[in-house]
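Listed here are the chains, written in short residue letters.
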Amino acid sequence: MKILYIMDPYCKWCYATSDAIMQLSDTLEGKLPFEVIPAGMLTGEFTQVQSPEYAFAHRKLDASITKETGKEFGEGYKTSLNEKEMLLDSMIPSRAIMACRATAPQLTLQFAHCILDARYHDGKDLTDHTVYLEICEQLGIDKQSFFQHFSSPENDENTRQAFLFAEKYAEHYPTLFYEEDGDMDILTEGYSPYSLLELRLSKLLKRRKTNVQD
(Lines give C-alpha, C1' and ligand atoms only; values in the text may rest on other atoms or scores of the structure.)
Protein backbone atom coordinates (compact mmCIF):
# COMPACT_ATOMS: atom_id res chain seq x y z
CA MET A 1 0.00 0.00 0.00
CA LYS A 2 1.31 3.44 -0.92
CA ILE A 3 0.48 6.80 -2.43
CA LEU A 4 1.79 7.40 -5.94
CA TYR A 5 2.51 11.09 -6.45
CA ILE A 6 3.02 12.11 -10.07
CA MET A 7 4.42 15.64 -10.29
CA ASP A 8 6.84 17.80 -12.21
CA PRO A 9 9.51 20.16 -10.84
CA TYR A 10 8.17 22.93 -13.11
CA CYS A 11 4.49 22.31 -12.38
CA LYS A 12 3.05 25.39 -10.70
CA TRP A 13 -0.04 23.51 -9.59
CA CYS A 14 2.25 21.01 -7.87
CA TYR A 15 3.85 23.94 -6.04
CA ALA A 16 0.38 25.22 -5.10
CA THR A 17 -0.66 21.78 -3.80
CA SER A 18 2.61 20.98 -2.02
CA ASP A 19 1.49 22.16 1.44
CA ALA A 20 -1.65 20.01 1.27
CA ILE A 21 0.34 16.98 0.16
CA MET A 22 2.89 17.44 2.93
CA GLN A 23 0.05 17.75 5.44
CA LEU A 24 -1.46 14.52 4.11
CA SER A 25 1.94 12.84 4.40
CA ASP A 26 2.26 14.01 8.00
CA THR A 27 -1.20 12.64 8.78
CA LEU A 28 -0.26 9.27 7.26
CA GLU A 29 3.21 9.07 8.80
CA GLY A 30 4.12 5.44 9.41
CA LYS A 31 1.00 4.19 7.65
CA LEU A 32 1.31 4.92 3.93
CA PRO A 33 4.55 5.80 2.14
CA PHE A 34 4.64 8.23 -0.78
CA GLU A 35 6.37 7.30 -4.03
CA VAL A 36 7.31 10.40 -6.03
CA ILE A 37 7.22 9.99 -9.82
CA PRO A 38 8.56 12.92 -11.89
CA ALA A 39 6.59 13.50 -15.07
CA GLY A 40 9.01 15.08 -17.55
CA MET A 41 6.59 17.88 -18.42
CA LEU A 42 9.25 20.11 -20.02
CA THR A 43 11.50 17.75 -21.96
CA GLY A 44 12.43 17.27 -25.59
CA GLU A 45 10.40 19.55 -27.84
CA PHE A 46 8.56 20.91 -24.78
CA THR A 47 11.70 22.32 -23.15
CA GLN A 48 11.30 26.09 -22.77
CA VAL A 49 13.53 29.14 -22.52
CA GLN A 50 12.46 32.21 -20.57
CA SER A 51 11.71 35.34 -22.55
CA PRO A 52 9.78 38.59 -22.01
CA GLU A 53 6.77 36.92 -23.60
CA TYR A 54 7.12 33.95 -21.26
CA ALA A 55 7.38 36.25 -18.24
CA PHE A 56 4.28 38.23 -19.21
CA ALA A 57 2.14 35.13 -19.69
CA HIS A 58 3.33 33.45 -16.50
CA ARG A 59 2.83 36.47 -14.28
CA LYS A 60 -0.83 36.32 -15.25
CA LEU A 61 -0.95 32.57 -14.62
CA ASP A 62 0.78 32.97 -11.25
CA ALA A 63 -1.78 35.55 -10.13
CA SER A 64 -4.59 33.21 -11.14
CA ILE A 65 -3.09 30.28 -9.21
CA THR A 66 -2.59 32.40 -6.10
CA LYS A 67 -6.16 33.68 -6.30
CA GLU A 68 -7.53 30.12 -6.53
CA THR A 69 -5.26 28.37 -4.03
CA GLY A 70 -3.84 31.06 -1.74
CA LYS A 71 -0.29 29.89 -2.46
CA GLU A 72 2.06 32.83 -2.96
CA PHE A 73 4.99 32.85 -5.36
CA GLY A 74 8.22 34.16 -3.85
CA GLU A 75 9.89 37.46 -4.65
CA GLY A 76 13.01 35.61 -5.77
CA TYR A 77 10.98 33.74 -8.36
CA LYS A 78 9.21 36.89 -9.53
CA THR A 79 12.59 38.56 -10.04
CA SER A 80 13.97 35.51 -11.85
CA LEU A 81 11.31 35.87 -14.56
CA ASN A 82 13.38 38.79 -15.84
CA GLU A 83 16.34 36.47 -16.52
CA LYS A 84 16.21 35.95 -20.26
CA GLU A 85 17.26 32.63 -21.77
CA MET A 86 16.99 30.64 -18.52
CA LEU A 87 16.51 27.03 -19.65
CA LEU A 88 13.49 25.19 -18.24
CA ASP A 89 14.18 21.47 -18.63
CA SER A 90 12.48 18.90 -16.41
CA MET A 91 15.12 16.25 -17.02
CA ILE A 92 17.75 17.63 -14.63
CA PRO A 93 15.54 18.15 -11.55
CA SER A 94 13.73 14.89 -12.30
CA ARG A 95 17.05 13.03 -12.30
CA ALA A 96 17.70 14.66 -8.94
CA ILE A 97 14.41 13.34 -7.57
CA MET A 98 15.20 9.84 -8.81
CA ALA A 99 18.69 10.06 -7.31
CA CYS A 100 17.10 10.95 -3.98
CA ARG A 101 14.77 7.95 -4.32
CA ALA A 102 17.86 5.77 -4.65
CA THR A 103 19.88 7.49 -1.92
CA ALA A 104 17.34 8.48 0.74
CA PRO A 105 13.89 7.21 -0.32
CA GLN A 106 12.24 8.31 2.92
CA LEU A 107 13.15 11.92 2.10
CA THR A 108 12.06 11.99 -1.54
CA LEU A 109 8.77 13.79 -0.91
CA GLN A 110 10.51 16.55 1.04
CA PHE A 111 13.26 16.68 -1.58
CA ALA A 112 10.78 17.13 -4.43
CA HIS A 113 9.01 19.93 -2.59
CA CYS A 114 12.33 21.62 -1.83
CA ILE A 115 12.89 21.69 -5.60
CA LEU A 116 9.48 23.29 -6.13
CA ASP A 117 10.32 25.88 -3.48
CA ALA A 118 13.75 26.48 -5.01
CA ARG A 119 12.08 27.35 -8.31
CA TYR A 120 8.83 29.06 -7.34
CA HIS A 121 9.81 30.70 -4.07
CA ASP A 122 13.53 31.40 -4.44
CA GLY A 123 13.70 31.70 -8.24
CA LYS A 124 16.68 29.37 -8.61
CA ASP A 125 17.85 27.87 -11.88
CA LEU A 126 17.09 24.15 -11.71
CA THR A 127 19.80 23.36 -14.27
CA ASP A 128 22.34 24.45 -11.62
CA HIS A 129 23.53 21.36 -9.75
CA THR A 130 24.41 23.41 -6.67
CA VAL A 131 20.65 23.70 -6.03
CA TYR A 132 20.61 19.97 -5.25
CA LEU A 133 23.77 20.20 -3.18
CA GLU A 134 22.02 22.77 -0.99
CA ILE A 135 18.92 20.60 -0.66
CA CYS A 136 21.03 17.59 0.30
CA GLU A 137 22.69 19.66 3.00
CA GLN A 138 19.31 20.91 4.20
CA LEU A 139 17.83 17.41 4.48
CA GLY A 140 20.96 15.62 5.68
CA ILE A 141 21.42 13.51 2.54
CA ASP A 142 24.90 12.16 1.81
CA LYS A 143 26.05 14.37 -1.07
CA GLN A 144 28.65 11.99 -2.47
CA SER A 145 26.21 9.10 -2.68
CA PHE A 146 23.53 11.37 -4.12
CA PHE A 147 25.70 12.68 -6.95
CA GLN A 148 26.99 9.20 -7.76
CA HIS A 149 23.39 8.16 -8.38
CA PHE A 150 22.53 11.46 -10.05
CA SER A 151 25.18 11.07 -12.76
CA SER A 152 24.77 7.32 -13.34
CA PRO A 153 23.36 5.83 -16.58
CA GLU A 154 21.02 3.74 -14.43
CA ASN A 155 19.51 6.88 -12.93
CA ASP A 156 19.02 8.37 -16.38
CA GLU A 157 17.13 5.25 -17.47
CA ASN A 158 15.06 5.16 -14.28
CA THR A 159 14.08 8.78 -14.88
CA ARG A 160 12.95 8.02 -18.42
CA GLN A 161 10.91 5.08 -17.14
CA ALA A 162 9.26 7.39 -14.61
CA PHE A 163 8.33 9.73 -17.47
CA LEU A 164 6.72 6.85 -19.36
CA PHE A 165 4.72 5.84 -16.28
CA ALA A 166 3.54 9.42 -15.79
CA GLU A 167 2.58 9.73 -19.45
CA LYS A 168 0.52 6.55 -19.20
CA TYR A 169 -1.35 7.32 -15.98
CA ALA A 170 -1.54 11.09 -15.53
CA GLU A 171 -3.19 13.75 -17.69
CA HIS A 172 -2.75 16.57 -15.17
CA TYR A 173 -0.27 17.35 -12.42
CA PRO A 174 -0.20 16.73 -9.60
CA THR A 175 -1.93 13.35 -9.75
CA LEU A 176 -2.18 11.20 -6.65
CA PHE A 177 -3.16 7.53 -6.62
CA TYR A 178 -3.74 5.15 -3.75
CA GLU A 179 -2.09 1.87 -4.84
CA GLU A 180 -2.67 -1.51 -3.25
CA ASP A 181 -1.77 -4.87 -4.79
CA GLY A 182 -1.47 -3.32 -8.24
CA ASP A 183 -4.88 -1.61 -8.10
CA MET A 184 -4.84 2.20 -8.29
CA ASP A 185 -7.56 4.60 -7.18
CA ILE A 186 -7.23 8.27 -7.98
CA LEU A 187 -7.20 10.83 -5.16
CA THR A 188 -6.69 13.98 -7.21
CA GLU A 189 -5.89 15.29 -10.65
CA GLY A 190 -4.66 18.83 -10.27
CA TYR A 191 -5.02 21.06 -7.25
CA SER A 192 -6.94 19.88 -4.19
CA PRO A 193 -6.84 21.28 -0.65
CA TYR A 194 -5.84 19.03 2.23
CA SER A 195 -9.41 18.65 3.50
CA LEU A 196 -10.52 17.19 0.18
CA LEU A 197 -7.50 14.89 -0.12
CA GLU A 198 -8.03 13.58 3.40
CA LEU A 199 -11.76 13.07 2.83
CA ARG A 200 -11.25 11.18 -0.43
CA LEU A 201 -8.59 8.93 1.09
CA SER A 202 -10.70 8.21 4.18
CA LYS A 203 -13.70 7.23 2.03
CA LEU A 204 -11.49 5.09 -0.19
CA LEU A 205 -9.90 3.23 2.72
CA LYS A 206 -13.30 2.67 4.32
CA ARG A 207 -14.72 1.32 1.07
CA ARG A 208 -11.76 -1.00 0.52
CA LYS A 209 -11.99 -2.29 4.10
CA THR A 210 -15.69 -3.01 3.63
CA ASN A 211 -15.01 -4.85 0.38
CA VAL A 212 -12.35 -7.02 2.06
CA GLN A 213 -14.71 -7.91 4.90
CA ASP A 214 -17.47 -8.79 2.44
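Residues numbered from 1 in each chain as written. Predicted model: local features only at pLDDT ≥ 70, side-chain atom pairs only at ≥ 80, totals over all residues. Heavy atoms only, no water.

Trainee: Which residues make up the packing of helix α1 (residues 12–27) against helix α2 (residues 52–69), and what are the values?
Mentor: Interhelical geometry of α1 versus α2 gives an angle of 25 degrees and a closest axis separation of 11 Å. Classified by the interaxial angle, the pair formed by α1 and α2 is roughly parallel. Crossing of α1 against α2: the hand is right-handed. Listed contacts from α2 to K12, W13 and A16 of α1 are H58, L61, D62, I65, E68 and T69. Residues of the contact of α1 with α2, tallied by class, amount to four nonpolar, two polar and three charged. (Axes fitted to C-alpha atoms, helices over the stretch in contact; angles between N-to-C directions. Helix = DSSP H or I, 4+ residues; strand = E, 2+ residues; numbered from the N terminus. Parallel < 35°, antiparallel > 145°, perpendicular 65-115°, else oblique. Left-handed = near helix turned anticlockwise from the far one by under 90°. Contact = heavy atoms within 4.5 Å. Nonpolar A, V, L, I, M, F, W, Y, C, P; charged D, E, K, R; others polar.)

Trainee: Requested: an account of the side chain of S94, with residues and values cited.
Mentor: Locating S94 in the fold gives a position in helix α4 (residues 91–103). Other than its neighbours up to four places away in sequence, S94 contacts P9, P38, G40, T159 and F163.

Trainee: Please provide a residue-by-residue account of the packing of aromatic side chains, values included.
Mentor: This structure, assessed with the given rule, holds twelve aromatic pairs. With a centroid separation of 5.1 Å and an interplanar angle of 70 degrees, the aromatic rings of Y77 and Y120 are classed as edge-to-face. Taken as a pair, Y77 in helix α3 (residues 75–80) and Y120 in helix α5 (residues 108–120) lie far apart in primary sequence, 43 residues in all. Each member of the pair Y77 and Y120 is classed as buried. On the numbers, 6.0 Å between centres and 20 degrees between planes, the contact of F146 with F150 is stacked. Placement of both F146 and F150 in helix α7 (residues 143–150) is noted, with a separation of four residues, approximately one turn of the helix. Under the relative-accessibility criterion, F150 is labelled buried at 2%. (Phe/Tyr/Trp six-rings, centres within 6.5 Å; stacked < 30°, edge-to-face > 60°. Buried < 20%, exposed > 50% of the residue type's maximum accessible area, 1.4 Å probe, protein only.)

Trainee: Report on unusual backbone geometry, specifying residues and quantitative values.
Mentor: Cis geometry is adopted by the peptide bond preceding P174, which originates at Y173 and carries an omega value of -5 degrees. Checked against the element boundaries, P174 lands in the loop between α8 (153–169) and β5 (175–180). Phi at E85 is positive, roughly 70 degrees, even though this residue is not glycine. Following the sequence through the fold, E85 ends up in the loop between α3 and β4 (87–88). Residue D181 is not a glycine yet carries a positive backbone phi of 55 degrees. The residue D181 is located in the loop between β5 and β6 (183–189) in this model.

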